[in-house]
Amino acid sequence: MTDAPLHEAVEALRAIGRYVEPFGDDLSLWLVDGEEMSDAGLMKLAALLGLSQGSATIQ
């Protein structure tokens, strides 16, 4: 599995002015504008903001 979609989502969020950085030692956790979230949460946020392609149903 490639990390390209995740990295694209990170860069897209940063491009609109969001603060996005890895959080701690766990490489699957992110700090987005002060809120801790997982890889999946970051991808959902990017999809909800129309920055990346996401599932038709985001839960």
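Presented here is a report on the structure given in the accompanying data block. As the structure is a prediction and not an experimental result, all values here were calculated from the model.

1. Observations concerning helix α2 (residues 39-48)
Within α2 the residues assigned to the buried category are Leu42, Leu45, Ala46 and Ala47. Contacts made by the buried residues of α2 are with α1 (4-15), β1 (20-22), β2 (29-32) and β3 (35-38). Of the residues trailing α2, Gly50 is marked for its positive phi of about 75°.

2. Thoughts on unusual backbone geometry
Notably, Asp33 is not glycine yet its phi reads approximately 50°, a positive angle. By secondary structure assignment, the location of Asp33 is in the loop between β2 and β3. Taking relative accessible area as the criterion, Asp33 reaches 41% and is therefore assigned partly exposed.

3. So, the sheet that holds β3
In space, the 3 strands of this open sheet follow the order β1-β2-β3, with antiparallel pairing throughout. Each edge of the sheet is formed by a strand with only one pairing partner; in this case those strands are β1 and β3. Within this sheet the neighbouring strands show an average axis-to-axis angle of 30°, counted without direction. Across 4 bridges, the pairing between β2 and β3 is antiparallel. Counterpart to Leu29 in the pairing with β3 is Ser38. Against the sheet, α1 makes contact with β1 and β2, and its axis sits at roughly 140° relative to β1, the strand it touches most.

4. Description of the packing of α1 against α2
Closest axis-to-axis distance for the α1/α2 pair is 9 Å, and the angle between their directions is 55°. Viewed along their axes, α1 and α2 adopt a mutual orientation that is oblique. Once α1 is placed against α2, the crossing between them reads as left-handed. Side by side, α1 and α2 meet where Pro5, Leu6, Ala9, Val10 and Leu13 of the first sit next to Asp39, Leu42, Met43, Leu45 and Ala46 of the second. When grouped by side-chain class, the residues that make up the contact of α1 with α2 number 9 nonpolar, no polar and 1 charged.

Conventions adopted
Residues numbered from 1 in each chain as written. Predicted model: local features only at pLDDT ≥ 70, side-chain atom pairs only at ≥ 80, totals over all residues. Heavy atoms only, no water. Buried < 20%, exposed > 50% of the residue type's maximum accessible area, 1.4 Å probe, protein only. Helix = DSSP H or I, 4+ residues; strand = E, 2+ residues; numbered from the N terminus. Contact = heavy atoms within 4.5 Å. Pairing = 2+ DSSP bridges. Axes fitted to C-alpha atoms, helices over the stretch in contact; angles between N-to-C directions. Parallel < 35°, antiparallel > 145°, perpendicular 65-115°, else oblique. Left-handed = near helix turned anticlockwise from the far one by under 90°. Nonpolar A, V, L, I, M, F, W, Y, C, P; charged D, E, K, R; others polar.

Interpretation in functional terms is not warranted from these geometric data alone.
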